[in-house]
Amino acid sequence: MTVSFSSLACLHTHVLQSAAKIKIESRFCVLVRARISHKAFWRCGQALGALQRHADALEVYEGGVLAAKNAGASTKAFQKEMEKCQQKIEEEQKLLETTTASAKVDGATPPETAPARSTADPIPESKATNTVKSTSEKKKNEAGATKDSSSNKLFTKSDHVRGYKIVNGKKTSYFHNELSEDAKKLIGDIAPKKLERVDVEEEKKNNSSDDKTSVWNTAGTWEERDTSPWAKETLTQALLSAEYSLPLSSPQPGAVVKITNVKSLNGHASIASVRGKRRYMYEFSTTLEWEMDIPSDGNTCTGSIEFPDIDGTCDGEYEMTNYTVKSVGTAGGAAKHLLDRFVKNGGLKDVLTEKLNEWVTLFQST
């Protein structure tokens, strides 16, 4: 039963009931402490401590020490709480003495000390309601005074926060921008203009014949046109026309070496126009088959050569690789010296270089 009374004291404390109920139930526990367990004393002391009634709590904890000893339990927790209560009592006493001394020096009657209000004691409803009403009425009065004093102005009290400003005597948004005369001159006429229909044929006539850009590209921005099909066709014709006749001073005067087939031709070519200037870009690699007829003995020698790089970085000189001889007929080793001189190192090689340079000139003239 006594444990239930102490538990009720704790319950009233946590649900913010009046201090009177807690005091009655806590006091009952003290009066019958001889028959209470030490746990009940602990709960009662905790309730009194929450009410800031440290003297009563100290008395209850002392009873709890005796009950704990009788039950053979530890008293360390009670001793610790008793020290806290004693410290709180001393602090309150010092505060009371300081207040009394200050009142005597000022010649005023020292105020009567009232017990500190616990968080368990709620504020009376009528007082709280009056406080809220008075605060609300005060704010309304202040707002009304501000409105009356600024009734003849353009701005209310909060307009400067919202970003309003005056432009030509009218209140407008802060983001309204008024251009200065210098700014207007710098920008120029920005009024919308009506677009007129453009005659495409007339526009083509007006364009320069040297520009050769699209009608839409009036600003002369980058425009690239692929010319790979035309380039491969004309380059193949140029290579097939390569032919060299051996001179009279050679071992086989009158012999002819020529290109018989363009086995492969890989690459691309394009023309770019930018800012009124044209750029010619090309890059090819080719494998050619050649043939030499020797009329003196009726032999025919065949083979192949490669040009791996035909582009604008060659500067008129092209590297020839993979020179091979497939057949020399009955000429045997005598033909090797003749082919090295007039196919691999000169003769046909020089004619092919000339044909390639002629094609580059043709491509850049388009």
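Numbers given for residues are sequential positions, taken from 1 along each chain in its written order. Given that the model is predicted, a residue must reach a pLDDT of at least 70 before its local features are reported, and side-chain atom pairs must reach 80 or more before they are shown or counted; all residues, however, enter totals for whole chains, interfaces and linings. No hydrogens and no water enter the side-chain calculation; it runs on all heavy atoms of the structure.

Before going further, it helps to examine the overall build of the protein chain. Numbering of helices and strands starts at the N terminus; helices are DSSP runs of H or I of at least 4 residues and strands are runs of E of at least 2. Regarding its fold elements, the protein chain presents 12 helices and eight strands. Within the protein chain, the fraction of its 366 residues that count as buried is 28%. The contact definition used throughout considers only heavy atoms, calling two residues in contact when any of these lie within 4.5 Å. In the protein chain, the proportion of contacts linking residues at least 24 apart, taken out of those at least 6 apart, comes to 55%. The Shrake-Rupley method, run with a 1.4 Å probe, gives the accessible areas here. Residue values count only the displayed protein chains as cover. When the accessible surface of the protein chain is split by element, carbon and sulfur atoms take 53% of a total near 24,900 Å². A 1.4 Å probe rolled over the protein chains alone gives each residue an accessible area, and that area as a share of the maximum for its type sets the label: buried under 20%, exposed over 50%, partly exposed in between.

Salt bridges are defined as contacts in which a side-chain nitrogen from Lys or Arg sits within 4 Å of a carboxyl oxygen from Asp or Glu. Within the structure shown, the criterion is met by five salt bridges. Between Asp189 and Lys193 there is a salt bridge, and its shortest N-O distance comes to 3.7 Å.

Okay, the nonpolar core next. The biggest cluster of nonpolar side chains holds 39 residues, and the ones touching the most others in it are Phe284, Trp290, Met292, Phe307, Leu352 and Trp359. Put simply, the parts of the chain that give this core at least two residues each are helix H10 (228-240), strand S5 (256-274), strand S6 (277-294), strand S7 (299-311), helix H11 (334-344) and helix H12 (348-364). At seven residues, the largest contribution of residues to this core is made by H12. Judged by nonpolar contacts, the second largest core, of 13 residues, contains Leu48, Val65, Ala67 and Phe78. The term nonpolar core refers to a set of buried residues drawn from Ala, Val, Leu, Ile, Met, Phe, Trp, Tyr and Cys, joined through side-chain atoms within 4.5 Å.

With that settled, the discussion passes to the packing of aromatic side chains. Any pair of Phe, Tyr and Trp rings, taking the six-membered ring for Trp, is counted once the centres come within 6.5 Å. Such a pair is stacked with planes under 30 degrees apart, edge-to-face with planes over 60 apart, and tilted for the rest. Following the criterion strictly, the structure yields 11 aromatic pairs and no others. Judged by centre distance (6.2 Å) and plane angle (25°), the rings of Tyr244 and Phe342 are stacked. Residue Tyr244 is found in strand S4 (residues 243-245), and its partner Phe342 is found in helix H11; the two are separated by 98 residues along the sequence. Ring pairing ties together the aromatic residues Trp230, Tyr280, Tyr282, Phe284, Trp359 and Phe363, which thus form one cluster.

Next up on the list: the packing of helix H3 (residues 38-50) against helix H4 (residues 54-71). Note on definitions: angles span 0 to 180 degrees between N-to-C directions of axes, and those axes are lines fitted to C-alpha atoms, for helices only across the stretch in contact. Where H3 meets H4, the axes come as close as 8 Å, and the angle between the chain directions of the two elements is 165°. Taken as axis vectors, H3 and H4 run roughly antiparallel relative to one another. For the pair H3 and H4, the crossing hand works out as left-handed. Contact residues: H3 offers His38, Phe41, Trp42, Cys44, Gly45, Gln46, Leu48 and Gly49, while H4 offers His54, Asp56, Ala57, Val60, Tyr61, Gly63, Gly64, Ala67, Ala68 and Ala71. Note on residue classes: Ala, Val, Leu, Ile, Met, Phe, Trp, Tyr, Cys and Pro are nonpolar, Asp, Glu, Lys and Arg are charged, and everything else, Gly too, is polar. Its residues assigned to classes, the contact of H3 with H4 shows 10 nonpolar, seven polar and one charged. Each angle receives one of four descriptions, namely roughly parallel if under 35 degrees, roughly antiparallel if over 145, roughly perpendicular if within 65 to 115, and oblique otherwise. Each crossing is labelled by how the near helix is turned from the far one, with a counterclockwise turn of less than a right angle marking it left-handed and a clockwise turn marking it right-handed.

As a further point, take the environment of Ser273. Within the fold, Ser273 resides in strand S5. Along the primary structure Ser273 and Glu223 are separated by 50 residues, whereas in three dimensions their C-alpha atoms are 5.2 Å apart.

Within the secondary structure, Thr234 sits in helix H10. Among the polar contacts listed, one links the side chain of Thr234 to the backbone oxygen of Ala231, at a separation of 3.1 Å. Among the polar contacts made by the side chain of Thr234, one reaches the side chain of Trp359 at a distance of 2.8 Å. For this analysis, a polar contact is any N or O atom pair within 3.5 Å, provided that within protein one partner can donate a hydrogen and the other can accept it, and provided that sequence-adjacent residues contribute only side-chain to side-chain pairs.

Another aspect to go through is the confidence of the model for the protein chain. The pLDDT averaged across the protein chain works out to 74; a share of 66% of its residues lies at or above 70. A residue's pLDDT is the confidence the predictor assigns to it, expressed on a 0 to 100 scale. By mean pLDDT, the top-scoring element of the protein chain is H10 (94), and the lowest-scoring one is helix H1 (residues 2-14) (48). Taken as a whole, residues 11-20 scores under 50 in pLDDT and shows 16 contacts with residues more than four places along the chain or in a different chain. Counted against residues more than four places away or in other chains, residues 28-34, with its pLDDT under 50, gives 13 contacts.

Looking now at a nonpolar patch on the surface. Here, patches come from residues exposed beyond 30% relative accessible area and free of salt bridges, joined within 9 Å for like charges and within 5 Å for nonpolar side chains (Val, Leu, Ile, Met, Phe, Trp, Tyr). Where nonpolar side chains cluster on the molecular surface, the patch consists of Leu179, Leu186, Ile187 and Ile190 and spans about 440 Å² of accessible area. Within the secondary structure, Leu179 sits in the loop between strand S2 (170-173) and helix H8 (181-187).

To continue, consider the pairing of S5. Pairing analysis gives four bridges linking strand S3 (residues 223-226) to S5, with the strands arranged antiparallel. Residue pairing for S5: Glu223 is matched across the bridge by Ser273. Only strands that DSSP links by at least two bridges are regarded as paired with each other. Relative to S5, S4 runs antiparallel, the two being bridged by three bridges. Pairing of Glu243 across the sheet is with Lys258, part of S5. Where S5 lies against S6, 17 bridges are found, and the strand directions are antiparallel. Across the sheet, the residue bridging to Val257 is Met292, located in S6. Turn length for the S5-S6 hairpin, with the two strands adjacent in sequence and antiparallel, is two residues, and the turn residue Arg275 shows positive phi of about 55°.

Here the phi dihedral of Asp315 falls at roughly 55°; this positive angle occurs in a residue that is not glycine. Here Asp315 is to be found in the loop between S7 and strand S8 (321-327). Positioned with a positive phi, Asn322 is a non-glycine residue whose angle comes to about 50°. With respect to the helices and strands, the residue Asn322 is situated in strand S8.

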